[in-house]
Amino acid sequence: MSQLSIPSPSVGAFHLGPLTIHIYALCILAGIVIAYIGGERRYQACDGKQEHFEELCTLGVIAGIIGGRLYHVITDNQKYFCDGCNPADALKITNGGLGIWGAVALGALALWVLFKVKKVPLGPFADAVAPDLVLAQAIGRLGNWCNQELYGRPTDVPWALDIYYRVNDNGGYAPVSGHSTGEVMTSVHPTFLYELVWNVLVCLFLLWAHKAWKLGHGRVFALYVMGYTLGRFFIEGMRSDEATHIFGLRVNIIVSLAIFLIAAIVFFVLDRHRQGPESPE
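Residue numbers here run from 1 along each chain, matching the order of that chain's written sequence. This being a predicted model, a pLDDT of at least 70 is required before a residue's local features are given, and a value of 80 or more before pairs of side-chain atoms are given or counted; all residues contribute to the totals for chains, interfaces and linings. Calculated side-chain values reflect all of the structure's heavy atoms, with hydrogen atoms and water omitted.

## Observations concerning the overall build of the protein chain
A run of DSSP states H or I qualifies as a helix once it reaches four residues; a run of E qualifies as a strand once it reaches two. Both are numbered from the N-terminal end. Scanning the protein chain from N- to C-terminus turns up seven helices and seven strands. For the protein chain, the succession of helices and strands along the chain, N to C, is β-β-β-α-α-α-α-β-β-α-α-β-β-α. In summary, the protein chain has a C-alpha radius of gyration of 20 Å against a globular reference of 19 Å for 281 residues, a match within 12%. On the principal axes, the C-alpha backbone points of the protein chain span a range of 60 × 40 × 35 Å. Only protein chains enter the accessibility calculation, which uses a 1.4 Å probe. A residue is then buried if its area is under 20% of the maximum for its type, exposed if over 50%, and partly exposed in between. Counting across all 281 residues of the protein chain, residues that qualify as buried make up 47%. Residues are treated as being in contact if the distance between any of their heavy atoms lies within 4.5 Å. Sequence separation of at least 24 residues holds for 73% of the intrachain contacts in the protein chain that already meet a minimum separation of 6. For the protein chain, the computed accessible surface area is about 14500 Å², with 68% contributed by carbon and sulfur atoms. Positive and negative side-chain charges in the protein chain, numbering 20 and 22 respectively, have mean positions lying 8 Å apart. The globule rule used for comparison is 2.2 Å times the number of residues to the exponent 0.38, while the radius of gyration itself is calculated over C-alpha atoms. Where accessible areas are quoted, they stem from the Shrake-Rupley method and a 1.4 Å probe; at the residue level, only the protein chains shown are allowed to cover. Think of it this way: Lys and Arg go in the positive column, Asp and Glu in the negative one, and His and the chain ends go nowhere. By convention, the charge on Lys lies at NZ, on Arg at CZ, on Asp at CG and on Glu at CD.

In structure tokens form, the structure reads like this:
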């Protein structure tokens, strides 16, 4: 443990009477609220209707959470469907585990269907929510810090993250729901912090690029996907937690590269002849 190391929170949850409040869940909720407020302001600035935005956000959040959890359970199925595992844990979303790829995919699909039904363009909404969506992801990484998950390989750098030994009330090992004993198990790269900082930088870049490059027609959203996957590609390679591998690589590295290339094609090829904002109506 370095004198300048980053401590992990002593707990990942707290109790209010009979209720157990998971800090991870609070971080996800805070991210959703911030994304909603910022996205609504930008959507209305381009003449979008508030009632449309509320309906779209409700569907997007529900579909995103379901899709994110499905992706996590599928790609990390060994955590839930093995000898000694409890398959019911796959439903315990407050313990952590939301795959951004599944959230974006199912959320985008659900919204695309709704936009087709309502006969309004998807681009303005996607561009409006993109900066705050990546900011919400940054806030969500604080939940990973509280859960002591998604960290990197052991290191002795000054900003290393100390992982504490946590136990439940019965003294059993409980890395997520337990409380710290003060014993440092290992010091690792704080990849949650690397991604948090990167996501904030991507958010600021999107806000600048939207105005400076006069982007519209969904290209801000494509740029968001490019920016996020670029950082995730490198940060994912630093993680040491259990993950599914394909061809010797973590599955999220391969997915990040594939989605980056798709988003780049969308940004540079589709609607390249269009400039400026697009009216939602």
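Back to the write-up after that little detour.
## A word on the packing of aromatic side chains
Pairing of aromatic rings covers Phe, Tyr and the six-membered ring of Trp, with a centre-to-centre limit of 6.5 Å; geometry is then stacked below 30 degrees between planes, edge-to-face above 60, and tilted otherwise. All chains considered together, the criterion is met by 13 aromatic pairs. Ring centres of F53 and F125 lie 5.5 Å apart, and the angle between their planes is 55°; this geometry places the pair in the tilted category. Here F53, found in helix 2 (residues 50-75), pairs with F125, found in helix 4 (residues 123-147); they are 72 residues apart in sequence, far enough to count as distant. Of the residues examined, F53 reaches a relative accessible area of 0% and is grouped as buried. Considering the side-chain rings of F115 and F125, the 5.8 Å spacing of their centres and the 55° angle between planes classify their relative orientation as tilted. Placement of F115 in helix 3 (residues 100-118) and of F125 in helix 4 is noted, with a sequence separation of ten residues between them. The class for F115 is buried, based on a relative accessible area of 3%.

## What to know about helix 7 (residues 251-268)
Helices are assigned an expected span. That span is 1.5 Å times one less than the residue count. The end-to-end C-alpha separation of helix 7 is 26 Å, in line with the 26 Å expected for 18 residues at 1.5 Å each. Residues of helix 7 that are buried: V251, N252, I253, V255, S256, A263, A264 and F267. The inward-facing, buried residues of helix 7 abut helix 2, helix 3, helix 6 (219-236), strand 6 (245-246) and strand 7 (249-250).

## Some details on the packing of helix 1 (residues 23-45) against helix 2
Geometrically, a packed helix pair is captured by the angle between its two axes and the distance between the axes. In this description, a line fitted to the C-alpha atoms serves as the axis of each element, helices being fitted only across the stretch in contact, and the angle between N-to-C directions of two axes falls anywhere from 0 to 180 degrees. Their axes nearest at 11 Å, the elements helix 1 and helix 2 cross at an angle of 145°. As helix 1 runs across helix 2, the sense of the crossing is right-handed. Between helix 1 and helix 2, the contacting residues are I32, Y36, G39, E40, Y43 and Q44 on the first element and Q50, H52, F53, E54, C57, V61 and I65 on the second. Grouping the amino acids of the contact of helix 1 with helix 2 by side-chain chemistry returns seven nonpolar, four polar and two charged. Each crossing gets its hand from how the near helix is turned against the far one by less than a right angle, where anticlockwise is left-handed and clockwise is right-handed. Three classes are used: nonpolar for Ala, Val, Leu, Ile, Met, Phe, Trp, Tyr, Cys and Pro, charged for Asp, Glu, Lys and Arg, and polar for all others, with Gly counted as polar.

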